[in-house]
Amino acid sequence: MESTVHTLWLLVSATLLVLTVIGIALFYGGMVRKKNVMNTIVLPFAALALASIAWAVVTTVTGLGRDMQSPLGQSAIGPLWSAYHGIMAAIALSLVAGGIVERLRFSFFLLFGLCWIGAVYAPMAGWIWGNGWLAALGCLDFAGGAVIHISAGVSALVLAVVIGPRKGYGRIDMMPNHLPLSFCGAGLMWVGWFGFTGAAASAPMTTVTGAFVAIHLSAVTAAVSWAAAEWLQRDKPTALGAVSGAVAGLVAVSPAAAYVSPASAWVIGVGAGSLCYMVVNYVKLILGYDDSLDVFGMHGVAGTWGMIATGLFASTEVNAAGSDGLFFGYPYQFFVQVVAVCAAWALAGGGSWLLLKGLMLFVDPRAGDEAETIGLDLHQHGEKGYTG
């Protein structure tokens, strides 16, 4: 009976993660200019198809899937467990796209994405979730702080810098086309994020419910933290700022959700909202890079903070299968988390740079000046998101 319950929850969780991909598509789609909305929305859907197929191929060829088998063992859920991880890979690739929208050739995204899953994402997943060297050190990453968010955030930053800014960036108006669409997308992401609790499918339900609560509390406190910072600095809080803070909180708690108390989740959320607000609104302007939808500022930064915070706040009183962090008397765990952060940054940054430079020898990643002028919707797909 217990195995049946765990299998059913994994099935529900996988469904929720697909909802997260849809949420990313709408969240990003509302924040670009109206001439690029359909191109931006289709990238996460393409990532879902591409990454699911690529993940199945990579795990079959390399045997990584055997190392990442569900703790429930070889059973009917084996394919479901593999599909679940394939959807997680799709989320990571969807996020990468957000850093380079409004200028990227669609065919290049497909080619790069296929290579990125095999050369960057899969090795990182193997290191932490597939009995790799970081797993052997004792690294804790419940739902992808390093595997998904640092990998995606750092890769997006590398692509944004190497490919270059959008035409007219910093000189012309690039306001969002439909903020209510982004708000709805963020809401779907919030609901879908509870699907990451499927990573604890075989754990006691107290672990699953604890992770659920931590995810929610981190999101709400990060939303408040971001809005408060915006209110103090700009005199007015914005709806986009609030939902951006919530997303930052969801990202930051991902590695820690199953290992920290509700109080610690609050602290993680406050830190995520504050840090990401500063990077998005100050660091990005100072350094001058065009990370279109702030993938690095949100996911790279929040993922890094979340991994480090796991090394601070993890407690065996919350999850006996985890570890104690620095604040609970075990400094080694903090050290391991920092090592994992450095490894994720190095693999994502170096791997993405090498992939991009290699592919650029054969394919131009940019859609071109004409495409950026008329919009990627018409140029790349022959359709328009708005008829008016």
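Please read all numbers here as calculations on a predicted model, not as lab measurements.

Visitor: Can you help me understand the pattern of salt bridges in this one?
Guide: Close approach of charged atoms lets side chains of opposite charge pair. Tallied over the full model, the rule gives 7 salt bridges. One salt bridge in this structure joins Glu102 and Arg33, with 3.1 Å as the shortest N-O distance. One end of the pair, Glu102, is in the loop between helix 4 (78-98) and helix 5 (106-129); the other, Arg33, is in the loop between helix 1 (2-29) and helix 2 (37-62), and 69 residues separate them in sequence. Of the two residues, Glu102 and Arg33, both sit in the buried class. The closest approach of N and O atoms between Arg166 and Glu102, which form a salt bridge, is 2.5 Å. Of this pair, Arg166 sits in the loop between helix 7 (145-163) and helix 8 (179-193) while Glu102 is found in the loop between helix 4 and helix 5, placing the two residues 64 residues apart along the sequence.

Visitor: Sorry if this is basic, but what is going on with empty space enclosed by the protein here?
Guide: In this approach, a probe sized like a water molecule rolls over the atoms, and the result shows the empty space that is left. Evaluated as defined, the whole model comprises 1 cavity of 30 Å³ or more. By volume, the largest cavity is sized at about 30 Å³. Looking at the largest cavity, the residues that line it are Met31, Val32, Arg33, Val101, Glu102, Arg166, Met174, Ser292 and Leu293. Split by residue class, the lining of the largest cavity holds 5 nonpolar, 1 polar and 3 charged.

Visitor: In this structure, what is going on with the packing of helix 9 (residues 205-234) against helix 11 (residues 262-287)? I would like to understand it.
Guide: Packed helices, taken two at a time, are described by the angle between their axes plus the distance between the axes. It is at 7 Å that the axes of helix 9 and helix 11 come closest, and there the two elements cross at 40°. Taken together, the axes of helix 9 and helix 11 are oblique relative to one another. Relative to helix 11, the crossing made by helix 9 is right-handed.

Visitor: What am I meant to see in the packing of helix 10 (residues 239-253) against helix 11 here?
Guide: Two elements in contact, helix 10 and helix 11, have axes whose closest approach is 8 Å; the angle formed by their N-to-C orientations is 125°. When the interaxial angle is binned, helix 10 and helix 11 end up oblique. Two packed elements cross with a definite hand, and for helix 10 against helix 11 that hand is right-handed. Together, Ala248, Gly249, Ala252 and Val253 of helix 10 and Ile268, Ala272 and Cys276 of helix 11 make up the contact between the two elements. Across the contact of helix 10 with helix 11, the residue classes tally to 6 nonpolar, 1 polar and no charged.

Visitor: Hey, could you run me through helix 4 in this one?
Guide: With 21 residues, helix 4 ought to run about 30 Å at 1.5 Å a step, and its terminal C-alpha atoms sit 31 Å apart, in line with that. Where burial is concerned, most of helix 4 is hidden: 18 out of the 21 residues are buried.

Visitor: Honestly, the confidence of the model for the chain in this entry has me stumped. Any pointers?
Guide: Do not read the predicted coordinates in detail wherever pLDDT is low. Across the chain, the average pLDDT comes to 92, with 95% of residues at or above 70. Considering only residues more than four positions removed or in separate chains, one finds that residues 69-76, a stretch of pLDDT under 50, has 11 contacts.

Visitor: Whenever I open this one, the packing of aromatic side chains confuses me. Can you help?
Guide: In total, this model carries 16 aromatic pairs according to the counting rule given. Plain terms: the ring middles of Trp127 and Trp133 are 5.6 Å apart, the flat faces sit at 65° to each other, and that makes the pair edge-to-face. Note on Tyr277 and Tyr282: the rings are 6.4 Å apart at their centroids and 75° apart in plane angle, and the pair reads as edge-to-face. Overall, Tyr282 belongs to the partly exposed group, its relative accessible area being 36%. Among the aromatic side chains, those forming a connected cluster through ring pairs are Trp55, Trp116 and Tyr121.

Visitor: What should I look at first to understand the layout of surface pockets in this one?
Guide: If you add up the space inside the largest pocket, you get close to 840 Å³. Breaking the lining of the largest pocket down by element, the ones donating at least two residues are helix 1, helix 9, helix 10, helix 11 and helix 12 (295-313).

Visitor: What is the right way to look at the side chain of Ser254 in this model?
Guide: Assignment of secondary structure puts Ser254 in the loop between helix 10 and helix 11. Taking relative accessible area as the criterion, Ser254 reaches 2% and is therefore assigned buried. Those residues within four positions of Ser254 in sequence are excluded, and the remaining contacts are Phe142, Ala143, Gly145, His149 and Trp193.

Visitor: Please explain helix 11 as it appears in this structure.
Guide: An α-helix turns once per 3.6 residues; consequently, residues spaced three or four apart project the same way. End to end, helix 11 covers 36 Å across 26 residues, agreeing with the expected 38 Å (1.5 Å per residue, within 8%). The sharpest bend along helix 11 reaches about 35° and sits at Val279. Downstream of helix 11 by a residue or two, Gly288 has a phi angle that is positive, lying close to 80°.

Rules of the game
Residues numbered from 1 in each chain as written. Predicted model: local features only at pLDDT ≥ 70, side-chain atom pairs only at ≥ 80, totals over all residues. Heavy atoms only, no water. Salt bridge = Lys/Arg side-chain N within 4 Å of Asp/Glu carboxyl O. Helix = DSSP H or I, 4+ residues; strand = E, 2+ residues; numbered from the N terminus. Buried < 20%, exposed > 50% of the residue type's maximum accessible area, 1.4 Å probe, protein only. 1 Å grid on protein atoms, 1.4 Å probe; cavity = no way out; pocket = protein on both sides within 12 Å on 5 of 7 lines; lining within 4 Å. Points joined across faces, edges and corners; volume = space filled by probe spheres on them. Nonpolar A, V, L, I, M, F, W, Y, C, P; charged D, E, K, R; others polar. Axes fitted to C-alpha atoms, helices over the stretch in contact; angles between N-to-C directions. Parallel < 35°, antiparallel > 145°, perpendicular 65-115°, else oblique. Left-handed = near helix turned anticlockwise from the far one by under 90°. Contact = heavy atoms within 4.5 Å. Expected span 1.5 Å × (residues − 1). pLDDT = per-residue confidence, 0-100. Phe/Tyr/Trp six-rings, centres within 6.5 Å; stacked < 30°, edge-to-face > 60°. Bend = angle between axes of the 7 residues up to and from the residue.

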